[in-house]
Amino acid sequence: MPKVVIFMGSISDEEKMRPCSDLLNDLGVEHVFTVSSAHRTPERTAKLVAEYEADGCQVFICAAGLAAHLAGAVAAKTTKPVLGVPLTASPLGGMDALLATVQMPPGFPVGTLALDQVGARNAAWLAAQILALHDEELAGRIKDAREGFKASVEKAAASL
Ligand code: RP5
């Protein structure tokens, strides 16, 4: 039963969002990685949100570029936490997607991460941290990873 669902607005977003799925795999978080568009397939998006929520999904991650309404469309259909990853897909350099994702009306929050791969990875970390509120083993894996980050900084410092 997937605890997290990652929606991308297009298959052209896959390269940017693959690190999100890879990191959830590394953390042992069962998830779905799929495409559904707020504009091209609004009915599919709403149907999938209802189905995955009924199956036990706890966190939705939504990534899109341009007029990035996917996270907002999902937030309109669920009270589970929705995390948004704005993607660069236009000459506006992602500012279009960032504003469309972050500027949600009151009562329909989207926890908005950084652009592209950095945001993709942090969406996975944040989703895992949300799940870890009720999962001690996952919380332990996250703490172990933090120790790894600490060790890599100390190793880099020692190498200079
Ligand atoms: C958005 O439009 C998608 O999330 C993607 O970032 C962008 C371009 O989509 P394609 O035209 O490549 O399918 O909806």
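Preceding this paragraph is the structure being described.
We now turn to the structure provided with this report. Predicted model only: the values in this text are computed from it and were never measured.

1. Considering the packing of aromatic side chains
Turning to step 1, where the next piece is worked out: Under the counting rule described, the total for this entry stands at two aromatic pairs.
Turning to step 2, where the next piece is worked out: Measuring from ring centre to ring centre gives 6.1 Å for Phe7 and Phe60, while their planes differ by 5°; the resulting arrangement is stacked. Of this pair, Phe7 sits in strand 1 (residues 4-8) while Phe60 sits in strand 3 (residues 59-64), placing them 53 residues apart in sequence.
Turning to step 3, where the next piece is worked out: For Phe7, a relative accessible area of 0% translates into the label buried.
Turning to step 4, where the next piece is worked out: An angle of 65° between the planes, with centres 5.7 Å apart, marks the rings of Trp125 and Phe149 as edge-to-face. Of the two residues, Trp125 is situated in helix 5 (residues 116-132) and Phe149 in helix 6 (residues 136-159); the sequence distance between them amounts to 24 residues.

2. A word on unusual backbone geometry
Turning to step 1, where the next piece is worked out: Despite not being glycine, Leu66 shows a phi value in the positive range, around 55°.
Turning to step 2, where the next piece is worked out: Along the polypeptide, Leu66 turns up in the loop between strand 3 and helix 3 (70-75).
Turning to step 3, where the next piece is worked out: At Asp116, a residue that is not glycine, the phi angle is positive and equals roughly 60°.
Turning to step 4, where the next piece is worked out: By secondary structure assignment, the location of Asp116 is in helix 5.
Turning to step 5, where the next piece is worked out: According to the relative accessible area criterion, Asp116 is buried, its value standing at 12%.

The rules behind each value
Residues numbered from 1 in each chain as written. Predicted model: local features only at pLDDT ≥ 70, side-chain atom pairs only at ≥ 80, totals over all residues. Heavy atoms only, no water. Phe/Tyr/Trp six-rings, centres within 6.5 Å; stacked < 30°, edge-to-face > 60°. Helix = DSSP H or I, 4+ residues; strand = E, 2+ residues; numbered from the N terminus. Buried < 20%, exposed > 50% of the residue type's maximum accessible area, 1.4 Å probe, protein only.

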